[in-house]
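Results of the structural survey
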Amino acid sequence: MGYGFVREHQDGTLEALRFGVIRTRAGTAMPERLFNIYQELGRLIAEFEPDRAGVEELFFSRNVTTAMTVAQARGVVLLTLQSAGLPVAEYKPNMVKQAVTGYGGADKSQMQEMVRLLLNLEAVPKPDDAADALAVAITDIHSYRLRTVHPL
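Read on for a plain summary of the structure. (Residues numbered from 1 in each chain as written. Predicted model: local features only at pLDDT ≥ 70, side-chain atom pairs only at ≥ 80, totals over all residues. Heavy atoms only, no water.)

1. Here's the deal with the pairing of strand β4 (residues 88-91)
Every other side chain in a regular strand lies on the same face of the sheet, so the side chains alternate between the two faces. Only one face of β4 is buried, namely the one carrying A89 and Y91, since none of V88 and E90 on the opposite face is buried. Examined bridge by bridge, strand β3 (residues 53-56) and β4 share 4 bridges and lie parallel to one another. Each residue of the ladder has a partner; that of A53, found in β4, is V88. (Buried < 20%, exposed > 50% of the residue type's maximum accessible area, 1.4 Å probe, protein only. Helix = DSSP H or I, 4+ residues; strand = E, 2+ residues; numbered from the N terminus. Pairing = 2+ DSSP bridges.)

Next up, the structure:
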């Protein structure tokens, strides 16, 4: 599971504070894997003290087993964020693509390069799940700015 912590500076520039993935061991029982995600995400929240969180909505069209596993992990993420008192915004994949590249049909390489540019990184963030998490964080920052400047 990817994560990314991004700070917006007063001048509007964005900075990646930390990004990476939370890994669990294959072959470990699902309850233990979910608990590991809960613990590690909780530790990261305590370390970085974010004021809000963005999470990508799920989109699966074929593999039901994978969808169920990912949905369970996503449920743990939402619970952990809620337990930490963080407001959570959820974004569809095409919304993330639109916010980061300006095009809702952007491919993975376009997304990764724009994340690199927007965060002024020397290289495309790796692994892919971490780059995806940074894209969601960027989307949340842009969306939050729009919601607070132009509330509905």
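The rest of the description comes next.
2. Some thoughts on the packing of aromatic side chains
Counted under the stated rule, the structure contains 3 aromatic pairs. Summarising the aromatic geometry, the rings of F5 and F48 are spaced 4.6 Å apart at their centres and angled 20 degrees between planes, so their arrangement reads as stacked. In this pair, F5 sits in strand β1 (residues 2-8) while F48 sits in helix α1 (residues 30-48), placing the two residues 43 residues apart along the sequence. The rings of Y3, F5 and F48 are connected pair by pair, giving a single aromatic cluster. Positioned over the ring face of Y144 is R52, at 3.7 Å from the centre of the ring. (Phe/Tyr/Trp six-rings, centres within 6.5 Å; stacked < 30°, edge-to-face > 60°. Lys NZ or Arg CZ within 6 Å of the ring centre and 35° of its normal.)

3. Quick word on α1
With 19 residues, α1 extends 27 Å between its outermost C-alpha atoms, agreeing within 8% with the 27 Å of an ideal straight helix rising 1.5 Å per residue. Buried within α1 are the following residues: L34, I37, L41, L44 and I45. Taken down its axis, α1 places every buried residue within 100 degrees of arc, on the same side. Exposed side of α1, more than 90 degrees from the buried face: P31 and A46 are the residues found there. Looking one or two residues beyond α1, the residue adopting positive phi is E49, at roughly 45 degrees. (Expected span 1.5 Å × (residues − 1). Arc of directions from axis to C-beta.)

4. Observations regarding unusual backbone geometry
Along the chain, K126 connects to P127 via a cis peptide bond; the corresponding omega equals -10 degrees. As for its placement among the helices and strands, P127 is situated in the loop between α4 (108-118) and α5 (128-149). At E49, a residue that is not glycine, the phi angle is positive and equals roughly 45 degrees. If you trace the backbone, E49 turns up in the loop between α1 and β3. For E49, a relative accessible area of 66% corresponds to the exposed category.

5. Some thoughts on the packing of α1 against helix α2 (residues 64-83)
At a closest axis distance of 9 Å, the pairing of α1 and α2 adopts a crossing angle of 35 degrees. Crossing geometry of α1 relative to α2 is assigned as right-handed. The residues of α2 that touch α1, namely those facing M30, L34, I37, Y38, L41, G42 and I45, are T69, Q72, A73, V76, V77, T80 and L81. The residue makeup of the contact of α1 with α2, split by class, is 10 nonpolar, 4 polar and no charged. (Axes fitted to C-alpha atoms, helices over the stretch in contact; angles between N-to-C directions. Left-handed = near helix turned anticlockwise from the far one by under 90°. Contact = heavy atoms within 4.5 Å. Nonpolar A, V, L, I, M, F, W, Y, C, P; charged D, E, K, R; others polar.)

6. Let's talk about the packing of helix α3 (residues 93-101) against α4
Working note: a packed helix pair is described by the angle between its axes plus the distance between those axes. Remark: α3 packs on α4, axes separated minimally by 9 Å, with the N-to-C direction vectors making an angle of 50 degrees. Taken together, the axes of α3 and α4 are oblique relative to one another. The crossing of α3 and α4 is left-handed. Here α3 contributes V96, K97, V100 and T101 to the contact with α4, which in turn contributes Q110, M111, M114, V115 and L118. Per-class residue counts for the contact of α3 with α4 are 6 nonpolar, 2 polar and 1 charged. (Parallel < 35°, antiparallel > 145°, perpendicular 65-115°, else oblique.)

7. So, the pattern of salt bridges
Scanning all chains against the criterion turns up 11 salt bridges. A salt bridge links E15 to R7; its shortest N-O distance comes to 3.7 Å. On the basis of relative accessible area, R7 is assigned to the partly exposed category, the value being 41%. D128 is paired through a salt bridge with K126; the nearest N and O atoms lie 3.8 Å apart. A residue is classified by how much of its surface remains accessible, and K126, at 52% relative accessible area, is exposed. Here the residues in one salt-bridge network are R18, E40, R43 and E47, joined through shared partners. (Salt bridge = Lys/Arg side-chain N within 4 Å of Asp/Glu carboxyl O.)

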